[in-house]
Amino acid sequence: MKKKVTQFLLLAFAFTFIGCSSDDKDENANAIDITLQEKYETPTFTVLDITASDAGATAKYEWIMTKNPVNQVTDSIVGDTKDLRFTAIYAGSYEFTLNVAADNKKGSKSTIVTVVNEASNFNPYITRIFDFDPAPGMLANDIYKEGNSKEDVMKTALGRINETNVGYLLDLGGFGGSIVVGFDHTVLNVPGTRDFRVYGGDVSNPTVAKANPPAPGLIYVAYDKNKNGKPDADEWYEIIGSQHAKSTTLKNFKVTYNKKAAGEPLVTSSALWTDYEHVYCENSKGDKYYLERPRGKKEFYPLWATQTSVSYEGLKLDVDFKTARAGQTTLWYSTPPEWGYVNAVNPDIDIDWAVDKNGNKANLPGIDFIKVVNCVSEPMGRCLQQSSMATVFAGAADLHIVKKYNLKQANK
């Protein structure tokens, strides 16, 4: 009897073992094997790409932050793609879990990201100018000195807005004038917050007539995806602001500026004016006009430019331009846009407003470069700037660094 009991127990154990092994096989058959690095280390203000193995075309991914040292908020979904771009402003240990589901199979894997403070302090303001291309206008040659090359002019321009010297305005001239600038780090795209500020002219009291109100400027941003330290043509995205969808906003507006040929006679009949026909202009609406140069003012056409004719095409905003008094246009009213542009009422920009050329959300992890373009052209008559209001630019700031180190926000 004892022998039979022993045999029965052995048989039962065997069945149990076989049954468990079968369950394990079924469970393993329904599990997705995920390859994911267990640990990362990255400095603050840096974009970290966390990559996972591909689970197939039908796979669905869910990244969950399970440990957050900043505000202790956990179990929040922070991504829904195979790979996760992670950025952090504050040091600490962050933990993530990746859940994957595909074809009735599931898998899960975790990773830890240790964020350390940056080795050197980043400058919150722009540190480089890659291009400076003002369109013809009254102050287009404001910082030019005889014999300067374009590179010389850009060095002078950077000196105006370098470090914390925001507020010394650069004039971008008329419609199409532009500047391209960069930071010494990536400005992070932090969800739910505005990420950078662009400094310009005073629009705090737009109902008061001003002798030279600043025109709004379009903003383009670029993320240095290939890490070559310069803005490549395929990296630019447009910031969509409060006026983009308005019926008064024109697409594909074009202005051509023609420099007077050497030796052409001046056209003047007044002691106040050097040349009534200083720069000849045409636009896509069929308007033809001149920029008239007053005495005591520099040339309107950039003196370092080698070409004698230049065209600019792009979006044109309506600023409700009105002259202060009938018959003269040295003073005027204009209405600045609410947000999303240089010289807007609110100068702070959310990187999430960036879109590609087809209008699709760019989903950038951050930006390294900014381009500002004058997007206003108005019939002003003899008001020095004349046919195009000027966009003025005084720099930009990373709002996350400004906030983290409690820095002064100039020109708020």
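Note: the structure precedes this text.
Keep in mind that this is a model prediction, so the values were computed, not measured.

A. Focus on the pattern of salt bridges. Taken as a whole and assessed by the stated rule, the structure comprises 7 salt bridges. For the salt bridge of D131 with K150, the shortest nitrogen-to-oxygen distance reads 2.6 Å. With a gap of 19 residues between them, D131 in strand β8 (residues 128-133) and K150 in helix α2 (residues 150-161) connect regions that are remote in the sequence. Classification of D131 by relative accessible area gives partly exposed; the value is 24%. We note a salt bridge from D275 to K260, for which the minimum N-O separation is 2.8 Å. With D275 in strand β15 (residues 273-283) and K260 in the loop between β14 (250-259) and β15, this pair connects stretches of sequence that are 15 residues apart. For the pair formed by D275 and K260, the shared burial category is buried.

B. Representation of the layout of surface pockets within the structure. Counted as a void, the largest pocket has a volume near 1,300 Å³. What lines the largest pocket is a set of 36 residues, among which F86, T87, N189, V190 and P191 lie closest to the centre. Looking at the lining of the largest pocket residue by residue, the class counts come to 17 nonpolar, 11 polar and 8 charged. One number sums up the size of the second largest pocket: a volume of about 310 Å³.

C. Main features of empty space enclosed by the protein. In the structure shown here, the tally under the stated rule is 2 cavities of 30 Å³ or more. Together, F132, L139, A140, D142, I143, R160, L170 and D171 line the second largest cavity. Residues of the lining of the second largest cavity, tallied by class, amount to 5 nonpolar, no polar and 3 charged.

D. Quick peek at the environment of K316. Positionally, K316 belongs in strand β17 (residues 309-316). Its relative accessible area of 9% is what places K316 among the buried residues. In sequence terms K316 and K251 are 65 residues apart; their C-alpha atoms lie 6.5 Å from each other. Setting aside residues no more than four positions away along its own chain, K316 makes contact with F175, T248, T249, L250, F253, C375, S377 and E378.

Analysis parameters
- Residues numbered from 1 in each chain as written.
- Predicted model: local features only at pLDDT ≥ 70, side-chain atom pairs only at ≥ 80, totals over all residues.
- Heavy atoms only, no water.
- Salt bridge = Lys/Arg side-chain N within 4 Å of Asp/Glu carboxyl O.
- Helix = DSSP H or I, 4+ residues; strand = E, 2+ residues; numbered from the N terminus.
- Buried < 20%, exposed > 50% of the residue type's maximum accessible area, 1.4 Å probe, protein only.
- 1 Å grid on protein atoms, 1.4 Å probe; cavity = no way out; pocket = protein on both sides within 12 Å on 5 of 7 lines; lining within 4 Å.
- Points joined across faces, edges and corners; volume = space filled by probe spheres on them.
- Nonpolar A, V, L, I, M, F, W, Y, C, P; charged D, E, K, R; others polar.
- Contact = heavy atoms within 4.5 Å.

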